[in-house]
Amino acid sequence: MIRKSLLVAFSALVIAWVIVQAQDTSRRIELRIADANRGYMRPMRTTAERIKAIAGLEESTAIGAKAGIMRFSLKTTLTDEQIASALSLEIVDAKKGSLLLAPRQSSQAFRAEARLAILEIADALRKQGERAAGNYAYSDNGYAEERTSLSGTIEQKMKALGLDAKLLDGKFFKARDYHIDARGGAYLIYAGAKWEGLSANRDYEYPDYSGGDEREASEPDFASTFVGARLQVNEWNSGLWWADLHGLALNESQISRDAPDARDGSKLQVQRGGERIVGFLQLAAKFRFEGENAGKALDALPKGNLNSNRKIAQAFRKEDEEYYWEPYYGNQTMSLSWFKDDAGHSRARIRAYHSRHTLHLDGDIDCDAAKEVDFDFNKVEVHWTVAPETELGIFERRRAEISRGLDAIRDALFALDAPSLDAARKAPINGEALLAALGMKAEALKGEFFSATDYWMRPQIMGDVELAAGTALAGCESWTLLNMSEKSAIRSNK
């Protein structure tokens, strides 16, 4: 009798559990959104509330954002595909317990996978304590016992950090693609065949010239899939900075191209840098004909970093007492090279930083012409490929022009009918495609500095649209995030 009663009670519990499960088909996942406009993160709770309002999403809580990837905790009855459709996004990767989405036809979303893994590694390295990336752990009493070695394979390094190497195996990158190296007092964490890190647009930064005295600053490879960051863990200058081309914009602090000179507030840093480059080019013109250099072919002349190449450094420092104290345009930021122009003249070229750096400058001088006038540099001008701006007003005019252009695009976009709007926001467009989609003439976006090719329109979350123009190198990177349902601006950066 007791056995029968227990069986009946157990059956009742099973039936009740089945009924509950049938009624509650919701699940919990972590929603990750990559490559979306920064305006969604200010504040993220507003974005979380908008997501929560979608039918089928019972809960939406903002977790946080790192490296341009927003993270939300969701309780939902929707499938992964339904969530993506409801948010007007595309699935990048779907795993148990998490879903990674991005705006339509995003060219950068796949890098989010590597960024998430790099962040995990960086957190594990930080947990080792405040120490330099050398051989010994740092303590209050100085350098103490030797720290855990990060030698060996990536699997061995991950184990030493207390991490499972399986977290590196994703849809786009595998464990074999990752590296953790210690170099120059920092950790280099990256996915790719080799380190391709660029200067991260920070104050007092030393570009990477580790390839040798004759190497120029690393130039971005636009076809590369490299994703990497430089992590410093010490008591003087700790932090993580993305060093790949597309990650530079994710760094918290970047140098502005219109930053004033540290010593003379009446001029710009780029003007100061331009003056130093002119002086160096004049020295280079003389250097080309001094001593043994006079008989050498151009490709045999000393070239490379002005600070690390001894022959160049010794020749230039004789008349350059300021090389050690320059915060932005120190000798370590510049490189010297040589080439022949169409007239057959030898030319010296000096570049500051890589071509996508905010403070990049690029100038050259005709050495043969300088020699013909006995190095009277009042008669020989420097040719600029990327010149320093001469006054603050240039940046103000650029920003004003872009603001007018973005306003014109916004007004044309708001005037579209529903079918035209749906067609316009299906993929990122610029130039002729943008003009055609909005029914605009080229003259509407043609100005002193920019044209239609410089303006972009990109689809965003929940049918929103991002309008963007300008670059950090031009000193006027601007964007506007628009809510197309309400025909209003969510946030702007102009």
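What you see is a predicted model; the values in this text were computed from it and never measured.

## What to know about the packing of helix H6 (residues 269-287) against helix H7 (residues 310-317)
When two helices pack together, their arrangement is captured by the angle between the axes and the distance separating the axes. Relative to each other, H6 and H7 sit at 110°, their axes nearing to 10 Å. Classified by the angle their axes make, H6 and H7 are roughly perpendicular. H6 and H7 meet at a crossing whose hand is right-handed. Between H6 and H7, the residues in contact are Phe280, Leu283, Ala284 and Phe287 and Lys311, Ala315 and Phe316, respectively. Split by residue class, the contact of H6 with H7 holds 6 nonpolar, no polar and 1 charged.

## Side note on unusual backbone geometry
In this structure, the amide linkage connecting Arg42 to the following residue, Pro43, adopts the cis form with an omega of -10°. Relative to the elements of secondary structure, Pro43 occurs in the loop between strand S1 (27-34) and helix H2 (44-52). The backbone of Phe375 sits at a positive phi, close to 55°, despite the residue not being glycine. In this structure, Phe375 sits in the loop between helix H8 (367-372) and strand S16 (383-386). You will see that Lys487, though not glycine, has its phi angle at about 50°, which is positive. Here Lys487 lies in the loop between strand S20 (478-483) and strand S21 (488-493). What makes Lys487 partly exposed here is its relative accessible area of 45%.

## Regarding the pairing of strand S15 (residues 361-366)
Burial analysis of S15 places 6 of its 6 residues in the buried class, the great majority of the element. Of the two faces of S15, the one carrying Leu361, Gly363 and Ile365 and the one carrying Asp362, Asp364 and Asp366 are both buried. As paired elements, strand S14 (residues 346-352) and S15 share 6 bridges and run antiparallel to each other. Looking across to S15, one finds that Ala352 is bridged to Leu361. By the bridge criterion, 3 bridges tie S15 to S16 in an arrangement that is antiparallel.

## Considering the sheet that holds strand S10 (residues 227-232)
Sheet strands associate in pairs through backbone hydrogen bonding, adopting either a parallel or an antiparallel arrangement. Here we have 4 strands laid out as an open sheet, ordered S8-S9-S10-S11, and antiparallel in their pairing. A strand with exactly one partner marks an edge of an open sheet, and here the two such strands are strand S8 (178-183) and strand S11 (239-242). Strand-to-strand twist of the sheet, defined as the mean angle between neighbouring strand axes without regard to direction, takes the value 20°. Both strand S9 (residues 186-191) and S10 contribute to a ladder of 5 bridges, which runs antiparallel. Directly across from Leu188, in S10, lies its bridge partner Arg230.

## Looking at the pairing of strand S4 (residues 90-95)
Where S4 and strand S5 (residues 98-102) come together, 5 bridges link them in antiparallel fashion. Looking at the pairing, Glu90 lines up with Ala102 of S5. Count of turn residues in the S4/S5 antiparallel hairpin: 2 residues, of which Gly97 carries a positive phi of about 90°.

Rules used throughout
Residues numbered from 1 in each chain as written. Predicted model: local features only at pLDDT ≥ 70, side-chain atom pairs only at ≥ 80, totals over all residues. Heavy atoms only, no water. Axes fitted to C-alpha atoms, helices over the stretch in contact; angles between N-to-C directions. Helix = DSSP H or I, 4+ residues; strand = E, 2+ residues; numbered from the N terminus. Parallel < 35°, antiparallel > 145°, perpendicular 65-115°, else oblique. Left-handed = near helix turned anticlockwise from the far one by under 90°. Contact = heavy atoms within 4.5 Å. Nonpolar A, V, L, I, M, F, W, Y, C, P; charged D, E, K, R; others polar. Buried < 20%, exposed > 50% of the residue type's maximum accessible area, 1.4 Å probe, protein only. Pairing = 2+ DSSP bridges.

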